[in-house]
Amino acid sequence: MAAPCRHVGHHIQKNGRFLRVNINQLFACRSFGLTSALQQQATDLHKESKEAIVIPRKKSWNKEAVLEALASTVQRDPTAYPYQFQDDSYLSPRTSIEFKLFSLSQESGRAAAKYFVNSNPKLFTKDFAEPHIPCLMPETVALRLEEVSQEALEERISLRKVSAAVEMYDQLLQSGTAVSMETTHKLLDLICLYCDRDPVQEGTPQTEDREEEEEDRRRKPVGRQAMDFLKCTWKENNNAERIFNLLPERDARCYSALIRGMVKHGAYAKAFNLYEDLLNNRLSADVHIFNALISAVPDVRKKNNERWDLIAELLNQMNEQKVRPNLLTFNSVLKALRQCSFLAKTFSPQILNEMKALGIAPSLATYEHILTVFFYKSASSGPSNMAILQDVLMELEGTSFTCQDPNDVLFFATAMKLCLDNKDLELGYKVHSLVEVGENWRLLGDSYQQALYYGRFFNLLCLMEHIDVVLKWYSRIVPSLLYPNPQGMKNLLQALDTDSRLDLLPIIWKGPTHTARSAPPASVSINMVHFPLLSADIKSLGHDNKVDLVEELLSLMARDEHSAEVQESFAACALDVKSVFDERPKKEWSTSSLSHISILLLRANKLQKAWDMLQLFKDKNRVPS
């Protein structure tokens, strides 16, 4: 995996706009020295990897091996809805809004069932599943130990009862019972993880306080940037700090729990102050402390050079304390560098070089950070920048990945966005071929990230690919993987216009299943191989209420004259559009829409219906063009 570092460095060196100095000199002059102190550890690990491989005489298969083998023989059905909806025929979403609604409905029903099972465990004692499926059995949520003891404290910690665990800890201290340091570590981890609050248990009914919080959250702006509003904030002198101050002896593990909790819940300055206290007590931090502090650097320093100076200082302290960095350390550095403007392009090659020297293979998140650094706010990326993406994809070609960093799920959407912005169809196909390797599709992220990826891929196809290929891909990913948004359907209409295939517009509007009563004209050359699978269209996707999209469709049909059979299909489509508007009285007719429909009806010799449209002009106070 050292090759991507070499390729990226080569093209950065070739592009003089980004780096004014020679890349080899840049690599040689590292401002922090992790390699010298840790090279021996990397060498030892390399020696261990050369040990002889012992081949077992008998292969032991797990219980799911047969099911996994059978599953590998089945291909995805492009005409089917997502797998999560196949158990209930009613849950068959046609639009992205229905997808969200049905997903939440299904999750709500699952949570209600979970609550019923956990509340009545005596009614669900038999286990028929083979192999055993723990999530289908009742969970132990009730407290069994009521006496004041360390075992009762550990039980409350394992059940994530924050308030009950803190109360039990205080009772142990009042009774003079000593609590082991290991149990104290677990308690601090629990409190810091949930910010001194009881987590919402799955299936638990909401209390009045929770309902008020949910109502406040609904009033907040909805979006990825609004997630900060939903996070709990670190409170001054909470139970974690109180218990920490009561400890007679504090080790690095206690400091680690509080520092990570403070960073997680927004108390960045306080985390650095606690780290200074750790150093004053002559303790050494662990790698998790450094990872958390590095990720918090952009929030405690405002200037770019100050941010990098603090990052370099933390890396040097890791070297001094002989703490070996891991993959998340370097990914945290690269993520922080993304907010350092031009300095990111200067120092990110050094980070890659340190990873190479320590034998740490980059993850998808590492490449995502690199791509963002060199493509961020770049109006015209240029061929030299795209060469960086090309070399990364060449190195990753045919590789099956596992998630090593939470940000790994951002790589494919980011890479496809770069292909779309630069209109590079070849690289777009390479990105998608990488997604189809093994189970890499799992790293597309949640439904939102998946919609971003496939939406960008589809838009790229509409802009750069032949219409027959576009329709082939359309049938493969819609609706099983993508519900196209109005902009995606506009791009599809433009692709039809570019390839002079406007005769397909009625099919795009209503779909072949709806237009089966009026088959395509015999004189029209239509490749119907893909259309039997084209079950999603503008109307079924719920975009028939988008006025700009409907006007785009009508303008394309009315722009030029076609054969009599095509004009007949256009007129039928125009009448269907009119019926949609008639069913929605609040929809305002525009002059252009009325004019386009009238023209289409006149060309199809539907004079009476065209005359009715003129009456509609009068009723809507519109003037014909």
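Since the model is a prediction, treat every value here as computed from it, not as a measurement.

With respect to the helices and strands, Leu258 occurs in helix 12 (residues 252–264). Using a relative accessible area of 1% as the deciding quantity, one classes Leu258 as buried. Here the alpha-carbon distance between Leu258 and Tyr275, two residues 17 residues apart in the chain, equals 9.7 Å. Ignoring any residue separated from it by four or fewer positions in sequence, one finds Leu258 in contact with Leu188, Cys192, Trp234, Ala240, Glu241, Phe244 and Leu274.

Time to look at helix 6 (residues 150–158). Residue pairs three or four apart in sequence face the same way in an α-helix, which turns once every 3.6 residues. When helix 6 is considered as a whole, its buried residues turn out to be Ala152, Leu153, Glu155, Arg156 and Ile157. Residues of helix 6 that are buried sit in contact with helix 7 (162–174) and helix 8 (181–193). Phi turns positive one or two residues past the end of helix 6, at Arg160, with a value near 60°.

Next up on the list: the UniProt feature "repeat: PPR" (unreviewed entry) in the chain. In the numbering used here, UniProt assigns the "repeat: PPR" (unreviewed entry) feature to residues 251–285. End C-alpha atoms of residues 251–285 are separated by 10 Å, and the span's content is 74% helix alongside 0% strand.

Moving on, we get to a negative patch on the surface. Together, Glu276, Glu306, Asp309 and Glu313 line one region of the surface with negative charge. It is helix 15 (residues 304–320) that provides the largest number of residues to the negative patch, a total of three residues. With respect to the helices, strands and loops of the structure, Glu313 is situated in helix 15. Accessibility expressed as a relative area gives 41% for Glu313, which makes it partly exposed.

The next point concerns the side chain of Asp408. Position of Asp408 relative to the elements: it lies in the loop between helix 19 (382–396) and helix 20 (411–421). Here Ser363 takes part through its side chain, which lies 3.2 Å from a polar atom of the side chain of Asp408. A distance of 3.5 Å separates a polar atom in the side chain of Asp408 from the backbone nitrogen of Leu364. Those residues within four positions of Asp408 in sequence are excluded, and the remaining contacts are Ser363, Leu364, Ala365, Thr402, Cys403 and Leu443.

One finds Tyr275, Leu337, Leu389, Phe411, Phe412, Leu492 and Leu505 to be the most contacted residues of the largest nonpolar core, which totals 152 residues. With near-sequence residues (within four places) excluded, Leu389 lies in contact with Leu371, Ala415, Leu418, Cys419 and Leu427.

Taken as a whole and judged by the stated rule, the model has 14 aromatic pairs. On the numbers, 6.1 Å between centres and 80° between planes, the contact of Phe116 with Phe124 is edge-to-face. Classification of Phe116 as partly exposed rests on a relative accessible area of 44%. Of the residues examined, Phe124 reaches a relative accessible area of 32% and is grouped as partly exposed. With a centroid separation of 6.2 Å and 35° between ring planes, the pair formed by Tyr429 and Trp473 is classed as tilted. On the criterion of sequence distance, the pair formed by Tyr429 in helix 21 (residues 425–435) and Trp473 in helix 23 (residues 467–477) is long-range, its members being 44 residues apart. Through successive ring pairs, a cluster of aromatic residues spans Tyr429, Tyr453, Tyr454, Phe457 and Trp473. Here the basic side chain of Arg476 rests over the ring of Trp473, its NZ or CZ set 4.2 Å away from the ring centre.

Moving on: the state of the cysteines. Tallying each qualifying case throughout the model produces zero disulfides. With no disulfide partner, Cys192 has as its closest neighbouring cysteine sulfur the one in Cys195, 8.7 Å distant.

Once that is clear, we can look at the packing of helix 8 against helix 12. Relative orientation and spacing of two packed helices are given, respectively, by the angle between their axes and the distance between those axes. In the contact formed by helix 8 and helix 12, the axes pass within 9 Å of each other and the chain directions differ by 5°. One way to sum up the angle between helix 8 and helix 12 is to call them roughly parallel. For the pair formed by helix 8 and helix 12, the contact residues are Met181, His185, Leu188, Asp189, Cys192 and Leu193 on the first element and Arg253, Cys254, Ala257, Leu258, Arg260, Gly261 and Lys264 on the second.

Taking 1.5 Å per residue, 18 residues should reach 26 Å; helix 22 (residues 447–464) reaches 26 Å between its end C-alpha atoms and fits that length. All of the buried residues along helix 22 are Gln449, Tyr453, Tyr454, Gly455, Arg456, Phe457, Phe458, Asn459, Leu460, Leu461 and Cys462. Lining the buried residues of helix 22 we find helix 20, helix 21, helix 23 and helix 24 (486–498).

A few words now on the pattern of salt bridges. Following the criterion strictly, the structure yields 20 salt bridges and no others. Asp497 serves as the salt-bridge partner of Arg559, at 2.6 Å between the closest nitrogen and oxygen. With a gap of 62 residues between them, Arg559 in helix 26 (residues 547–559) and Asp497 in helix 24 connect regions that are remote in the sequence. Note that Arg559 is salt-bridged to Asp560, the shortest N-O span being 3.3 Å.

For the pair helix 27 (residues 564–583) and helix 28 (residues 591–603), the least separation of the axes is 8 Å and the interaxial angle reads 140°. Seen along the crossing, helix 27 lies across helix 28 with a hand that is left-handed. Residues Gln567, Phe570, Ala571, Ala574, Leu575, Val577 and Lys578 of helix 27 lie in contact with helix 28, whose contacting residues are Ile597, Leu600, Leu601 and Arg603. The residue makeup of the contact of helix 27 with helix 28, split by class, is eight nonpolar, one polar and two charged.

The amide bond that connects Val478 to the next residue, Pro479, takes the cis arrangement and shows omega of 0°. One can find Pro479 in the loop between helix 23 and helix 24. Even without being glycine, Cys195 reaches a positive phi, approximately 55°. The exposure class of Cys195 is buried, given its relative accessible area of 5%. Despite not being glycine, Lys322 has its phi angle at roughly 55°, a positive value.

Note that Asn291 resides in helix 14 (residues 287–300). Judged by its relative accessible area of 9%, Asn291 falls in the buried class. Residues Asn291 and Val333, 42 residues apart in the sequence, show an inter-C-alpha distance of 8.3 Å. Those residues in contact with Asn291, other than ones at most four positions away along the chain, are Asn326, Leu328, Thr329 and Ser332. Side-chain polar atoms of Asn291 contact the side chain of Asn326, separated by 3.3 Å.

The next subject is the confidence of the model for the chain. Chain-level statistics for the chain give a pLDDT mean of 81 and a share of 81% at 70 or above. The model gives residues 1–29 a pLDDT under 50, and that stretch makes 47 contacts with residues more than four places away or in other chains.

Scoring rules and cut-offs
- All residue numbers refer to positions counted from 1 along the written sequence of the respective chain.
- In keeping with the predicted nature of the model, local features appear solely for residues at pLDDT of at least 70, side-chain atom pairs appear and are counted solely at 80 or more, and the whole-chain, interface and lining totals rest on all residues.
- In computing side-chain properties, one takes all heavy atoms of the structure into account and sets aside hydrogens as well as water.
- By definition, any uninterrupted DSSP run of H or I lasting at least four residues is a helix, any uninterrupted run of E lasting at least two residues is a strand, and each is numbered from the N terminus.
- Partly exposed describes any residue whose relative accessible area lies between the buried limit of under 20% and the exposed limit of over 50%, with all areas from a 1.4 Å probe on protein chains only and scaled to the type maximum.
- Contact criterion: two residues are considered in contact whenever any of their non-hydrogen atoms come within 4.5 Å of each other.
- UniProt positions are given in the numbering used here, feature names are shortened, and annotations may be inferred rather than shown by experiment.
- Patches in this entry comprise residues that are over 30% relatively accessible and not in a salt bridge; like charges within 9 Å are linked, as are nonpolar side chains (Val, Leu, Ile, Met, Phe, Trp, Tyr) within 5 Å.
- Per-residue and other accessible areas follow the Shrake-Rupley method at a 1.4 Å probe size, with only the shown protein chains counted as cover for residues.
- One speaks of a salt bridge when a side-chain nitrogen belonging to Lys or Arg is within 4 Å of a carboxyl oxygen belonging to Asp or Glu.
- Asp and Glu are treated as the negative residues and Lys and Arg as the positive ones, with His and the ends of the chain left uncounted.
- By convention, the charge on Lys lies at NZ, on Arg at CZ, on Asp at CG and on Glu at CD.
- Counted as a polar contact is a pair of N or O atoms within 3.5 Å, where, for protein atoms, one must be capable of donating a hydrogen and the other of accepting one, and residues adjacent in sequence contribute only when both atoms are in side chains.
- Definition used in this section: a nonpolar core is a set of buried Ala, Val, Leu, Ile, Met, Phe, Trp, Tyr and Cys residues joined via side-chain atoms within 4.5 Å.
- Between 30 and 60 degrees the pair is tilted, below 30 it is stacked and above 60 it is edge-to-face, where a pair is any two Phe, Tyr or Trp rings, Trp via its six-membered ring, whose centres lie within 6.5 Å.
- Here, over-ring charges are defined by two tests on the NZ atom of lysine or the CZ atom of arginine: distance to the ring centre within 6 Å, and angle to the ring normal within 35 degrees.
- A pair of sulfur atoms, both from cysteines and within 2.5 Å, is called a disulfide here.
- Orientation is described by lines fitted to C-alpha atoms, with helices fitted over the stretch in contact, and by angles between N-to-C directions that extend from 0 to 180 degrees.
- For classification purposes, angles smaller than 35 degrees are called roughly parallel, those larger than 145 roughly antiparallel, those between 65 and 115 roughly perpendicular, and all remaining angles oblique.
- The span expected for a helix works out to 1.5 Å for each residue beyond the first.
- For a crossing to be left-handed, the near helix must be turned anticlockwise from the far one by less than a right angle; the clockwise case is right-handed.
- In this classification, Asp, Glu, Lys and Arg are treated as charged, Ala, Val, Leu, Ile, Met, Phe, Trp, Tyr, Cys and Pro as nonpolar, and every other residue, Gly included, as polar.
- Think of pLDDT as the predictor's per-residue confidence, scored from 0 to 100.

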